[in-house]
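So the chains spell out like this:
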Number of protein chains: 2
Amino acid sequence: MPSRVPAPGNPVRGSKSGKPIMALFDLLGRSWSLGVIWQLANGPLTFRQIQDRCEQMSPTILNRRIKELTASGFVEKGDQGYQLTSAGAELFTFLKPLGGWSKKWADALSSEERQQ
Amino acid sequence: MPSRVPAPGNPVRGSKSGKPIMALFDLLGRSWSLGVIWQLANGPLTFRQIQDRCEQMSPTILNRRIKELTASGFVEKGDQGYQLTSAGAELFTFLKPLGGWSKKWADALSSEERQQ
DNA sequence: TAGAATGCTACGCTTATTGTAGCAACAGGA
DNA sequence: TCCTGTTGCTACAATAAGCGTAGCATTCTA
């Protein structure tokens, strides 16, 4: 068994406290977790569609992330493929503003680099 | 050299597209990135204070995360220790609501488990 | 001026992620 | 029915990331 699913009562990867925010950060702080949620926000996707939209992430990891996100109640399997649960959609509302904001960050960073 | 710093023009860990949101997710999707930002939001902390509040995370990784977050413009070194930059503080405003929300998520998850 | 704290680095080990290959199950279409 | 394509994976080997302990050089502090 490669990795446990982070959850309040089931803390992982150093998240020994079991504090909800740390369990959440542990879950989201794994490769592609945020990306998968981001992509599913636009509607259901099949396994391979998620791979395509996440730069061909390896099936090994996608499978693992799907299991974790499902166990954590953010993702479920529907008729159209994998989709966000209502909790997942709620989580996305917090993430959504980061889309536009990240562009500002990108611009600020690159202009800083130009100054150096 | 262990890991590159994710940035819009310097994409990492599969983030080949260089899309700002994916670069941001790549950065935040590394162990303890979110946790460090979370802890620094309450004010400056020293290296060892961050370790203490992040469940004794290993200095190897803390050092690496600090370098990445500094290069990305979210963290800087001040007189009182490490602190969020204005960009870091801005990023935290998006993260902040997750604190309370994660508790609701925790409760929902554990009551689900009880039903099974 | 002897601790104590601080900010690390080194090192060996475990765990995570990647990339490629491929397989079983199902769905049309000829 | 047989062929072809899609889907959702699993296996495997290799690389990268993270962990934990030890320790060291440099300030602070009493």
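Just above sits the structure.
Just so we're clear, the structure is a prediction, and the values are computed from it rather than from any experiment.

**Q** Before we go on, may I ask you to explain the interface of chain B and chain A in this structure?
**A** Quoted interface sizes are often the accessible area lost when the parts come together. Contacts between the two partners involve 42 residues from chain B and, on the opposite side, 42 residues from chain A. Between chain B and chain A, roughly 3700 Å² of surface is buried when both sides are summed, and carbon and sulfur atoms account for 74% of that area. Contact with chain A buries surface across chain B, with Glu 55, Trp 101 and Trp 105 of chain B losing the most and accounting together for 19% of the total. Where chain B packs against chain A, one counts two salt bridges.

**Q** Help me understand the packing of aromatic side chains, please; the structure alone is not making it clear to me.
**A** Two measures describe an aromatic ring pair: the distance that separates the ring centres and the angle between the ring planes. For the structure on display, the rule yields ten aromatic pairs over all chains. A centroid spacing of 5.5 Å and a plane angle of 80 degrees characterise the contact between Phe 25 of chain A and Trp 38 of chain B, whose relative ring orientation is edge-to-face. A residue pair is termed interchain when its members come from two chains, as with Phe 25 of chain A in helix H1 (residues 20-28) and Trp 38 of chain B in helix H2 (residues 33-40). When sorted by exposure, Phe 25 of chain A lands in the same class as Trp 38 of chain B, which is buried. Summarising the aromatic geometry, the rings of Trp 38 of chain A and Phe 92 of chain A are spaced 5.3 Å apart at their centres and angled 65 degrees between planes, so their arrangement reads as edge-to-face. One end of the pair, Trp 38 of chain A, is in helix H2 (residues 33-40); the other, Phe 92 of chain A, is in helix H5 (residues 86-95), and 54 residues separate them in sequence. Comparing Trp 38 of chain A with Phe 92 of chain A, the two get one shared label, buried. Ring-pair connections join several aromatic residues into one group, and the members of that group are Phe 74 and Phe 94 of chain A together with Trp 101 and Trp 105 of chain B.

**Q** Can you help me understand the pattern of salt bridges in this one?
**A** Charged atoms that come close allow side chains of opposite charge to pair. Residue and element names in this part refer to chain A. For the structure shown, the criterion picks out eight salt bridges over all chains. Of the charged contacts, one joins Arg 30 and Asp 26 as a salt bridge, the two residues approaching to 3.6 Å between their closest N and O atoms. Just as Arg 30 is buried, Asp 26 falls in that class too. With a closest N to O distance of 2.8 Å, Arg 30 and Glu 68 form a salt bridge. A residue pair is termed long-range when its members are at least 10 positions apart, and Arg 30 in the loop between H1 and H2 and Glu 68 in helix H4 (residues 59-71) qualify at 38 residues. When its relative accessible area of 2% is taken as the criterion, Glu 68 is described as buried. Residues joined in a network through salt bridges with shared partners are Asp 26, Arg 30, Arg 65 and Glu 68.

Criteria and cut-off values
Residues numbered from 1 in each chain as written. Chains lettered and ligands numbered in written order. Predicted model: local features only at pLDDT ≥ 70, side-chain atom pairs only at ≥ 80, totals over all residues. Heavy atoms only, no water. Contact = heavy atoms within 4.5 Å. Buried area = accessible area lost by both parts, 1.4 Å probe. Salt bridge = Lys/Arg side-chain N within 4 Å of Asp/Glu carboxyl O. Phe/Tyr/Trp six-rings, centres within 6.5 Å; stacked < 30°, edge-to-face > 60°. Helix = DSSP H or I, 4+ residues; strand = E, 2+ residues; numbered from the N terminus. Buried < 20%, exposed > 50% of the residue type's maximum accessible area, 1.4 Å probe, protein only.

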